[in-house]
Amino acid sequence: MTLVTPLQAQEAPKTATKGRSLNLVALGDSLTAGYGLPAAAAFPVQLEAALKARGHAVAVANAGVSGDTATGGLDRVDWSVPDGTDGVILELGANDMLRGTDPAVTEKALDAIVARLKARGIPVMLAGMRAAPNLGLDYGKRFDAIYPRLAERYGLILYPFFLDGIAGDRSLNLADGLHPTRDGVAKVVTGILPSVEDFLTRLRKGS
């Protein structure tokens, strides 16, 4: 069954986006991989369907690995993002936060991922994360600042909080309270879709 999000239900563009199909890679952790869900319900699959419903010629590859940290993503970025990739949606840092990793370590790894992809001529869109309140105000302030600072440093499109509207909502999360259900992922897609469309526009302009 094809999922239809509220944004998909809106009138799609009257003509499909011109040009060749763009190849995106969603590089992330379990939130990207689709932990606890059928493969068809994972974020990259639902995002691709929503974009195609809006008239975009695009493919979104799933390069999510459950349990991955920002450092883990850096270790595998070269083989997780193949040549021919037009753009990367970078969603990492949640596991760093849950483990209480020093935000400086997380930022250094994310910075290195962006720099390495930039060196290969592959633009990045950043999907941000926020620290859980129980980690304290100081940690939260340091962790939450990572993503806006990276976005400003590299001129990236930033979706500030990947789990916006989902975090803490039991009806949209699995029993562990950490991972979105199929409907939760659909809400993630609804929220992030305008930012991804801006990213596609930037890719097609070659900026």
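Just above sits the structure.
Position labels on residues start from 1 in each chain and follow its written sequence. Totals for whole chains, interfaces and linings use every residue, but because this is a predicted model, local features are given only for residues with pLDDT of at least 70 and side-chain atom pairs only at 80 or more, for both listing and counting. To get the side-chain values, take all heavy atoms of the structure and skip hydrogens and water.

### Remarks on the overall build of the chain
Within the chain one finds 9 helices and 5 strands. Per the convention used, a helix needs a DSSP run of H or I reaching at least four residues, while a strand needs a run of E reaching at least two, with both numbered from the N terminus. Sequence-ordered secondary structure for the chain, helices as α and strands as β, is α-β-α-α-β-α-β-α-α-β-α-α-β-α. For 207 residues, the compact-globule estimate of 2.2 N^0.38 gives 17 Å, and the C-alpha radius of gyration of the chain, at 16 Å, lies within 12% of that figure. Structurally, the chain occupies a C-alpha span of about 50 × 40 × 25 Å along its principal axes. By the burial criterion, 50% of the 207 residues in the chain qualify as buried. The contacts in the chain between residues at least 6 apart in sequence include a share of 78% that link residues at least 24 apart. To measure how exposed things are, a 1.4 Å probe is used in the Shrake-Rupley method; for residues, cover is taken only from the protein chains shown. By element, 55% of the accessible surface of the chain is carried by carbon and sulfur atoms, the whole surface being about 9700 Å². Positive charges come from Lys and Arg, negative ones from Asp and Glu, while His and the chain ends are left out of the count. Charge positions are represented by NZ for Lys, CZ for Arg, CG for Asp and CD for Glu. Side-chain charges in the chain split into 22 positive and 22 negative, and the spacing between the mean points of these groups amounts to 5 Å. Radius of gyration: C-alpha atoms only; globule rule: 2.2 Å multiplied by the number of residues to the exponent 0.38. Working definition: with a 1.4 Å probe on protein chains only, accessible area under 20% of the residue-type maximum means buried, over 50% means exposed, and in between means partly exposed. Should any heavy atoms of two residues lie within 4.5 Å, those residues are considered in contact.

### Considering the sheet that holds strand E2 (residues 58-64)
The parallel open sheet is built from 5 strands, whose spatial order is E2-E1-E3-E4-E5. Looking at which strands have only one partner, the edges of the open sheet turn out to be E2 and strand E5 (157-159). Geometrically, the sheet is characterised by an average inter-axis angle of 20 degrees between neighbouring strands, direction not taken into account. Relative to strand E4 (residues 124-127), strand E3 (residues 87-91) is paired through 3 bridges, and the arrangement is parallel. Across the sheet, the residue bridging to Ile89 is Met125, located in E4. Against the sheet, helix H3 (residues 43-53) makes contact with strand E1 (22-28), E2 and E3, and its axis sits at roughly 170 degrees relative to E2, the strand it touches most. In this fold helix H6 (residues 103-119) packs onto E1, E3 and E4, with an angle of close to 175 degrees to the strand it touches most, E3. At least two bridges found by DSSP between two strands is the condition for calling them paired. Axis definition: a line fitted to C-alpha atoms, over the contacting stretch in the case of helices. Angles run 0 to 180 degrees between N-to-C directions.

### A short note on H3
Buried residues of H3: Phe43, Pro44, Gln46, Leu47, Glu48, Ala50 and Leu51, and no others. Count one or two residues on from H3 and you reach Gly55, which has phi positive near 95 degrees.

### Some words on the side chain of Asp96
With respect to the helices, strands and loops of the structure, Asp96 is situated in helix H5 (residues 94-98). For salt bridges, the criterion is a side-chain nitrogen of Lys or Arg within 4 Å of an Asp or Glu carboxyl oxygen. Salt bridges are absent for the buried Asp96, whose nearest opposite-charge side chain, Arg99, sits at 7.0 Å. Polar contact is defined as a pair of N or O atoms within 3.5 Å, subject to the rule that within protein one atom must be able to donate a hydrogen and the other to accept it, and that residues adjacent in sequence are counted only when both atoms are side-chain atoms. Within the structure, Asp96 has its side chain in polar contact with the backbone nitrogen of Ala70 (distance 2.9 Å). Other than its neighbours up to four places away in sequence, Asp96 contacts Thr69, Ala70, Thr101, Thr106 and Tyr139.

### Points about the pattern of salt bridges
Summed over the entire model, instances satisfying the criterion amount to 10 salt bridges. For Arg120, the salt bridge goes to Asp83, with nearest N and O atoms at 3.0 Å. You can see Arg120 sitting in the loop between H6 and E4 and its partner Asp83 sitting in the loop between helix H4 (70-80) and E3, a full 37 residues away along the chain. By relative accessible area, which is 70% here, Asp83 ends up exposed. Here Arg149 and Glu107 are joined by a salt bridge, their closest N and O atoms 2.7 Å apart. With Arg149 in helix H8 (residues 146-154) and Glu107 in helix H6, the pair connects residues that are 42 residues apart, well separated along the chain. Taking the relative accessible area as the measure of exposure, Arg149 reaches 37% and is therefore partly exposed.

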